[in-house]
Amino acid sequence: MLEEEQVAFFLASRLITRGNKGTILLTIMIIAMVFVNLIFLPSIIAGIVVLFNQQNIDYSYGNLVIEPRENQLVITNVAELQQKINRVPGVVASTPRYTGAATIVSKGKSTTPLLIAINPDDEKQVLKIHTKIISGDYLNDGDTGQILIGTTLAGNKDQKVDRTPTLGGVDVGKTVEVTFRNGVTRQYRIKGIIASGQFSVDSSAFITRKELESVLGTTDTANQILVKTKTTGNEDAMRITLMQYGIQEKIWTWQDKSADFLKSIVGSFDIINVISTIVSLVIAVVVIFIVIFINTVYRRKQIGILQAIGIDRSIIIKSYIFQALFIFASGTVAGCALLFVLLQYLTASPLVFPGGPVAPVLETMLVVRAIASLLVVSLIAGFLPSWLTTREDILSAIRG
Amino acid sequence: MIVGSNLRRVYGKGSVEVRALDGVDISIRKGEFVGITGASGSGKSTLLHLLGLLDRPTSGSLVIDGVEVASLNERQRTLFRLNRLGYVFQDYALVPELTAEENIYLPSKVRGMTSRECTRVCRDILGLVGLRERVSFLPGELSGGEQQRVAIARALVNNPAILLADEPCANLDTRNSTTILELIRKLNKDLNQTVVMVSHEDWHKKYFDRIISMRDGKILTDGNQENILITEPG
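Treat the numbers as computed from the prediction; the structure is a model and nothing was measured.

Moving on: the overall build of chain A. Counting its secondary structure elements, chain A contains 13 helices and 14 strands. Over its C-alpha atoms chain A spans a radius of gyration of 32 Å, topping by over 25% the 21 Å that the globule rule assigns to 400 residues. Looking at chain A alone, contacts between residues at least 24 apart form 79% of all its contacts between residues at least 6 apart.

Quick look at unusual backbone geometry now. One non-glycine residue, A:Asp220, lies in the positive phi region at around 55°. Along the chain, A:Asp220 falls in the loop between α7 (209-216) and β11 (224-229). Of the residues examined, A:Asp220 has 16 C-beta atoms within 10 Å and is grouped as partly exposed. For B:Asp216, which is not glycine, the phi torsion reads 50° and is therefore positive. In this structure, B:Asp216 sits in the loop between β9 (210-215) and β10 (218-224).

This part covers the sheet that holds strand β1 (residues 2-11) of chain B. The strands that make up a sheet are held in pairs by hydrogen bonds between backbone atoms, and each pair lies either parallel or antiparallel. The sheet built from 4 strands is open, its strands ordered β2-β1-β4-β5 (chain B) with antiparallel pairing. Single-partner strands in this sheet number two, and they are β2 (18-28) and β5 (67-68) of chain B.

Residues and elements named next belong to chain B. Read from one edge to the other, the open sheet built from 6 strands follows the order β6-β7-β8-β3-β9-β10, with strand pairing classed as mixed. The sheet is open, and its two borders are formed by β6 (85-88) and β10, each paired with just one other strand. Within this sheet the neighbouring strands show an average axis-to-axis angle of 15°, counted without direction. Judged from the 5 bridges that link them, strand β3 (residues 33-38) and β9 form a sheet pairing that is parallel. Paired with Val34 across the bridge in β9 is Arg210. The sheet strands contacting helix α5 (residues 144-156) are β6 and β7 (162-166), and the helix crosses β6 at an angle near 165°.

Of all hydrophobic cores here, the largest spans 112 residues; its most connected members are B:Leu164 and B:Val196. Per element, the largest residue contribution to this core is 11 residues, and it comes from helix α11 (residues 313-348) of chain A. Residues within four places of B:Val196 in sequence aside, it is in contact with B:Ile28, B:Val34, B:Ile36, B:Leu48, B:Leu51, B:Ile162 and B:Leu164. In this structure, A:Ile193, A:Ala205, A:Ile207 and A:Ile225 belong to the second largest nonpolar core, which totals 49 residues.

Further remarks concern the pairing of strand β3 (residues 103-106) of chain A. Residue and element names in this part refer to chain A. Burial along β3 is one-sided: the face carrying Ile104 and Ser106 is buried and the face carrying Thr103 and Val105 is not. Across 3 bridges, the pairing between β3 and strand β4 (residues 109-111) is antiparallel. Residue pairing in the sheet places Ile104 in a bridge with Thr111 of β4. The antiparallel hairpin formed by β3 and β4 contains 2 residues in its connecting segment, where Lys107 sits at a positive phi of about 45°.

On to helix α10 (residues 300-308) of chain A. In an α-helix, one turn spans 3.6 residues, which is why side chains three or four residues apart end up on the same side. All names here are of chain A. In terms of residue burial, α10 counts as a mostly covered element, since 7 of its 9 residues are buried. By the burial criterion, the buried members of α10 are Gln302, Ile303, Gly304, Ile305, Leu306, Gln307 and Ala308. Just past α10, the residue Gly310 takes up positive phi, approximately 100°.

It is worth spelling out the domain arrangement of chain A at this point. According to the domain assignment, chain A contains domain 1 (2-56 + 261-399) and domain 2 (69-248). Just the C-alpha atoms count here: the centres of domain 1 of chain A and domain 2 of chain A sit 51 Å apart.

A separate point is the packing of α11(A) against helix α12 (residues 364-391) of chain A. Residue and element names in this part refer to chain A. Two elements in contact, α11 and α12, have axes whose closest approach is 8 Å; the angle formed by their N-to-C orientations is 150°. One element, α11, and the other, α12, form an angle in the roughly antiparallel class. Viewed along their axes, α11 and α12 form a crossing whose handedness is right-handed. Contacts between α11 and α12 involve Arg313, Ile316, Ile317, Tyr320, Ile321, Gln323, Ala324, Leu325, Ile327, Phe328 and Thr332 on the former and, on the latter, Ile371, Leu374, Leu375, Ser378, Leu379, Ala381, Gly382, Phe383, Ser386, Trp387 and Thr390. Grouping the constituent residues of the contact of α11 with α12 by class yields 15 nonpolar, 6 polar and 1 charged.

Next up on the list: the interface of chain A and chain B. Between chain A and chain B, the residue contacts involve 19 residues of the former and 20 residues of the latter. Mapped by element, the contributors of at least two residues to the side of chain A that touches chain B are α1 (2-18), α10 and α13 (394-399) of chain A. Here the element with the most residues in the side of chain A that touches chain B is α1(A); it accounts for 7 residues. Here the side of chain A that touches chain B is composed, by residue class, of 10 nonpolar, 5 polar and 4 charged.

Cut-off values and rules
Residues numbered from 1 in each chain as written. Chains lettered and ligands numbered in written order. Predicted model: local features only at pLDDT ≥ 70, side-chain atom pairs only at ≥ 80, totals over all residues. Helix = DSSP H or I, 4+ residues; strand = E, 2+ residues; numbered from the N terminus. Rg over C-alpha atoms; globule rule 2.2 N^0.38 Å. Contact = placed C-beta atoms within 7 Å. Buried ≥ 20, exposed ≤ 12 C-beta atoms within 10 Å, placed from the backbone. Pairing = 2+ DSSP bridges. Axes fitted to C-alpha atoms, helices over the stretch in contact; angles between N-to-C directions. Core = buried A, V, L, I, M, F, W, Y, C linked by C-beta atoms within 7 Å. Domains from an automatic or database assignment. Parallel < 35°, antiparallel > 145°, perpendicular 65-115°, else oblique. Left-handed = near helix turned anticlockwise from the far one by under 90°. Nonpolar A, V, L, I, M, F, W, Y, C, P; charged D, E, K, R; others polar.

Here it is, written out as structure tokens:
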């Protein structure tokens, strides 16, 4: 059998090296493009998912989210619990929050965003919102009468630009009126504007816990404690550790919290991805098939003669499969080179999405899947035309 | 060597039925140089295609080198062609991307020779047909006569029992035709190579030991040189 493969390889190598180089090069380039297309879009989608995940960790949840126990609305004795959490090995810091809706009014414009009460110094240890102040300043622990507004909530002077209810383009230093759920209304000076790139943050408002407790008349309560851990990726283990250290509140990982949102995004991208992959593979099949088919039709007489002088059809078929494999291998290598250049460029100059810069993320499985798909396609496209041509009656083939 | 009995080859059916061979009996001994002649459509090429296992008879029996070839399956027929038959085509039929040596190398390699053995045999046989200096030339770089000599070398590389030639001089001028015919004749004499050659040129007849003349799918005459009147070219 090995003799057959040697002869088929010999024949294929000569047909490639001494055949029409322009056609071969063009086909290789098309396969390279298909390869890039198979990987590029999914890698951008993976980059977007990575961005969203990182944003969720950096701006919304930290690594873990601790919420009130079953049938309880708030966490009490927050300071004590926070100390307990912070002593658990693997925990970097924690920050208590009190979130709820409130109505904010500015110059007749009224909206009801999420109002988040925070300990600003603790927040800095867990989240990165403080790095995203685009105007004014971040809150301090002792601040009262001051509020941070997300850029989406602040809105634009030209409200046609806004897609959600906003405050109509408020600026730092201006005063807004906040009405809490218990009916208390207070005036707040806008201390800073946040632009994190994450919609849920940029459409919220922030005051200090001290301020909110004065409004609600509570002390040492929260309805969330966000926890930052030393490493990302071992949240499930950290949840168990916290439970082992006696934390009886509900503990969620950031993945739990963002699951529905991410599922919906990834699901939508997956549909685009599948369509793009199928189209790319069909193009690859058609191109390789046409090239090999034209090649075999053009060499129909030659194939007949090879059979007439005793070359078995299996050798001829294999020689065409080898040619297809060569096109596949060269196309894949060229595709890898193109992809490398493209990824280098996009890593240096990431695509700018509403959520932030997106650099493509190349996953090994994605590359393996693209190579495997192209390999199968090449084998089919190499086999089918040569198999059809060699099935023909020898004399008919020789007569052309 | 070759025994064909009542060979028939019919194309088409009903009113469009064509009897390309119509009950041909043929017997060829080892070492004979047999020429098959006849007008276009006489059935000479059809007979050669049957002898070369490129086609199957509609009916009749054909035994070549002791094997009833009608009973062979496709793979066995391919192997039979590889090991026991050498076929020379009218238009040389070389693979244009392979050099002279590589064209000959192909069937010898398929037969299982080592690469070194193949190279030696190829060089020897190219020497035999007078093309030792042309081993690395592509067919496009060779003249028609040289290409046909390469084709003959390819046909002989596996030391076949029978060399079949289908109008090998049809595309050659008289000088090159003479070279080819003399080469085949020399191989027939020196190597005791059985040769069956189809030709429609009258002057080729002087090279044949025996001439089978065909008309309308039947053998018209079958005799040796002494019985044949030969007209020289020009």
